[in-house]
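Given next are the chains, with one letter for each unit.
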Amino acid sequence: MNKIVEEAIRKIKELEENTPCEKHIITGDVRKLSSKLFSQIEDKSIENVFILCEEQNVKLKSIQNA
């Protein structure tokens, strides 16, 4: 699971870095990324997906606070 979360964070940072200043990441790019990552999850139960989301939120907060 951690592999997917780390890939998500890495790809989100790539999207952010490739977005011009004062612009937002394009929704379509985020949807493509989420679709790709979701297809890699073996256990697609709602409980597991929520666990992954929470894990990613915790990691993102720790990165932002560093």
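Residues numbered from 1 in each chain as written. Predicted model: local features only at pLDDT ≥ 70, side-chain atom pairs only at ≥ 80, totals over all residues. Heavy atoms only, no water.

### Brief notes about unusual backbone geometry
Positive phi values are uncommon outside glycine, yet Glu22 reaches one of about 60°. Within the element layout of this structure, Glu22 appears in the loop between helix 1 (2–17) and helix 2 (27–40). (Helix = DSSP H or I, 4+ residues; strand = E, 2+ residues; numbered from the N terminus.)

### Section: the packing of helix 1 against helix 2
For any two helices packed against each other, the geometry comes down to the angle between their axes and how far apart the axes lie. Orientation of helix 1 relative to helix 2, taken along the N-to-C sense of each, is 165°, at an axis distance of 11 Å. The angle between helix 1 and helix 2 falls in the class roughly antiparallel. Crossing of helix 1 against helix 2: the hand is right-handed. Packed against helix 1, whose contacting residues are Ile4, Glu7, Ala8, Lys11, Ile12 and Leu15, the element helix 2 presents Asp29, Val30, Leu33, Lys36, Leu37 and Gln40 at the interface. Considering only residue class, the contact of helix 1 with helix 2 consists of seven nonpolar, one polar and four charged. (Axes fitted to C-alpha atoms, helices over the stretch in contact; angles between N-to-C directions. Parallel < 35°, antiparallel > 145°, perpendicular 65-115°, else oblique. Left-handed = near helix turned anticlockwise from the far one by under 90°. Contact = heavy atoms within 4.5 Å. Nonpolar A, V, L, I, M, F, W, Y, C, P; charged D, E, K, R; others polar.)

### A closer look at the nonpolar core
Core analysis: the largest hydrophobic core is formed by eight residues, namely Ile4, Val5, Ala8, Ile9, Leu33, Leu37, Ile41 and Leu52. Where this core is concerned, the elements lending two or more residues are helix 1 and helix 2. Broken down by element, the residue count for this core peaks at four residues, all from helix 1. In this view, Val5 contacts Leu52, Glu55, Gln56 and Lys59; residues no more than four positions away in its chain are not counted. (Core = buried A, V, L, I, M, F, W, Y, C linked by side-chain atoms within 4.5 Å. Buried < 20%, exposed > 50% of the residue type's maximum accessible area, 1.4 Å probe, protein only.)

### Some thoughts on the side chain of Asn48
Examined against the element boundaries, Asn48 turns out to sit in helix 3 (residues 46–65). Only 2.6 Å separates the side chain of Asn48 from the backbone oxygen of Asp43, close enough to count as a polar contact. (Polar contact = N/O pair within 3.5 Å; in protein donor to acceptor, adjacent residues only side chain to side chain.)

### Describing the packing of helix 1 against helix 3
At a minimum axis separation of 10 Å, helix 1 and helix 3 run at an interaxial angle of 50°. With respect to helix 3, the axis of helix 1 lies oblique. Of the two possible hands of crossing, helix 1 and helix 3 adopt the one that is right-handed. Side by side, helix 1 and helix 3 meet where Asn2, Val5, Glu6, Ala8, Ile9, Ile12 and Lys13 of the first sit next to Leu52, Glu55, Gln56, Lys59, Leu60 and Ile63 of the second. Here the residues of the contact of helix 1 with helix 3 are counted per class, giving seven nonpolar, two polar and four charged.

Function-wise, these values are silent; they only describe arrangement.
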